[in-house]
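Architecture at a glance
Listed below, chain by chain, are the residues.
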Amino acid sequence: MFLSYCSRKFFIAFAILCSLITDNVWAQANQSADRIIAKIGKSRIILQSELEQNFAQYKAENPEISDSLKCTLLHEMIFQKILAEQADRDSVVVSEEEVEANMEQRIRYYVSMAGSQERLEEQMGKTVYQMKDDNHDMIKEMLVAERMKGQILASVKITPVEVRQYFEKIPSDSLPYFPASVELGQIVI
């Protein structure tokens, strides 16, 4: 009698556990997983959600923007990750104070656009502290990439006039022929 009572309890507990696991699996299956859309270096990735988030920010500022901007945004994000990857190799760093100052400046801008801090928090669905926490790594990477770009461009000592003069010195028969129109295609999924 005791054994059948224990086995019934065990069976009921097992059935409840199985139904909870099944419900959890179905709930996860219905959610769309975030996809990696670009990988730069060994550890830097760009997720679909990051691209969508950046696009949504641009779209909020200018609703007339077309979906083709996503391609340009992706190129910019890849370029930023490449610069950040090179900055890691060259030991380029940005201090936490610089990151905090930049975040404060951005928050002040967004508060001025929204009208008040409460309206901004209502629009974003997050507190200012959560927004800072969510964007800390992105801001730091952006500042590191900007610093790396500055270091690269600091060694460039050529002006557009010098570039034009260089190409004007090349005999026209030595230049490769390019047709007047060029066709470019890109597959964006």
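Rules and cut-offs
- Residues numbered from 1 in each chain as written.
- Predicted model: local features only at pLDDT ≥ 70, side-chain atom pairs only at ≥ 80, totals over all residues.
- Heavy atoms only, no water.
- Helix = DSSP H or I, 4+ residues; strand = E, 2+ residues; numbered from the N terminus.
- Buried < 20%, exposed > 50% of the residue type's maximum accessible area, 1.4 Å probe, protein only.
- Contact = heavy atoms within 4.5 Å.
- Areas by Shrake-Rupley, 256 points an atom, 1.4 Å probe, with all protein chains shown as cover.
- Pairing = 2+ DSSP bridges.
- Core = buried A, V, L, I, M, F, W, Y, C linked by side-chain atoms within 4.5 Å.

Structural notes on the overall build of the chain
The helix and strand tally for the chain stands at seven helices and two strands. Traced from its N-terminal end to its C-terminal end, the chain shows the element sequence α-β-β-α-α-α-α-α-α. Within the span of the chain, comprising 189 residues, buried residues form 20% of the whole. Of all intrachain contacts in the chain linking residues separated by at least 6 positions in sequence, the fraction that spans at least 24 positions is 60%. Entry remark: accessible area of the chain is about 15,100 Å², with carbon and sulfur atoms responsible for 59%.

Observations regarding the environment of Asn54
Summarising the element assignment, Asn54 is placed in helix α2 (residues 48–61). Filtering out sequence-adjacent residues up to four positions away, Asn54 remains in contact with Leu73, Met77 and Met138.

Structural notes on the pairing of strand β2 (residues 44–47)
By the alternation rule, side chains of β2 split into Arg44 and Ile46, which are all buried, and Ile45 and Leu47, of which none is buried. Relative to β2, strand β1 (residues 36–40) runs antiparallel, the two being bridged by four bridges. Bridge pairing in β2 places Lys39 opposite Ile45. Once β1 ends, the chain turns through three residues before running back antiparallel as β2, passing Gly41 with a positive phi of about 70°.

Quick notes on the environment of Lys132
Here Lys132 lies in helix α6 (residues 128–154). Overall, Lys132 belongs to the buried group, its relative accessible area being 15%. C-alpha of Lys132 to C-alpha of Glu104: the two residues are 28 residues apart in sequence and 8.4 Å apart in space. For Lys132, the residues in contact, after removing those within four places along its chain, are Met103, Glu104 and Ile107.

A word on the nonpolar core
Within the largest apolar cluster, twelve residues are counted, these being Leu83, Ala87, Val92, Val94, Val99, Met103, Ile139, Met142, Leu143, Val144, Ala145 and Met148. For this core, the elements supplying multiple residues, two or more each, are α3 (69–89), α4 (96–114) and α6. Considering every element that reaches this core, the biggest residue donor is α6, with six residues. Grouped together as the second largest cluster of nonpolar side chains are nine residues, Ala38, Phe55, Leu69 and Met77 included.

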